[in-house]
Structures are given as structure tokens and as C-alpha cells.
Amino acid sequence: MTVQSASFSVPNAFELLCGQYVKRLPAQLEDLTGPAHGTIDLPLHVAWSGRRSYTLEQPRSRMACTAPFWPKDSART
């Protein structure tokens, strides 16, 4: 008796995640929007260590808020 397995394609994890997140992401950077004034509180899964609240009217606070998202090799001038 010979057992044959059905051949079908199984998507890998990367393909599944891409399909899941593509609906949540903007098509281009210009489509991103957010607050320009006031205070923002980052969620714990984004800022899990240290400061989580930032006042957008204060330049130093704004820079500290965006620093965790800078690429490691970017020029910070």
C-alpha cells in the first residue's frame, strides 16, 4: 500500500505578515498624518523603557520622541 501526500503550497510567515500589514500601511509617506501640537503618549510596546510622554511644541522633546525610530546609521544633524 502506497501513501501519497497531497501537494499544496503553504505560505511562509513573511508572506502572511506582508498580507496582514499591507492593509494597515499607507501607500506613501505623504499619507502619514498625526498630531502637530499637544502631548503624545507612546504605547508601552513602542517605548518600553524610559520616557513615554512628549510635548510636540518643545523641539528637544520632539527630537527625543522620534529618535527611537531613526535608522542606526542615519546622520542626525
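Residues numbered from 1 in each chain as written. Predicted model: local features only at pLDDT ≥ 70, side-chain atom pairs only at ≥ 80, totals over all residues. Heavy atoms only, no water.

Okay, the overall build of the protein chain next. What the protein chain contains, in helices and strands, is two helices and two strands. Across the 77 residues in the protein chain, those meeting the buried criterion constitute 9%. For the protein chain, contacts bridging at least 24 residues in sequence account for 3% of all contacts bridging at least 6. Surface exposure of the protein chain reaches about 7400 Å², of which carbon and sulfur atoms provide 59%. (Helix = DSSP H or I, 4+ residues; strand = E, 2+ residues; numbered from the N terminus. Buried < 20%, exposed > 50% of the residue type's maximum accessible area, 1.4 Å probe, protein only. Contact = heavy atoms within 4.5 Å. Areas by Shrake-Rupley, 256 points an atom, 1.4 Å probe, with all protein chains shown as cover.)

Once that is clear, we can look at the confidence of the model for the protein chain. The share of residues in the protein chain with pLDDT of 70 or more is 70%, and the mean pLDDT across the chain is 75. Mean pLDDT values for the elements of the protein chain range from 65 in helix H2 (residues 59-66) up to 89 in strand E1 (residues 39-41). (pLDDT = per-residue confidence, 0-100.)

A separate point is a nonpolar patch on the surface. Together, Leu17, Tyr21 and Leu25 make up an exposed nonpolar region whose accessible area comes to about 300 Å². As for its placement among the helices and strands, Leu25 is situated in the loop between helix H1 (13-21) and E1. (Patch = residues over 30% accessible without salt bridge, like charges linked within 9 Å, V, L, I, M, F, W, Y side chains within 5 Å. Salt bridge = Lys/Arg side-chain N within 4 Å of Asp/Glu carboxyl O.)

For Ala47, the position within the fold is in the loop between E1 and strand E2 (53-55). Residues contacting Ala47, with those up to four places away along its chain left out, are Leu42 and Arg52.

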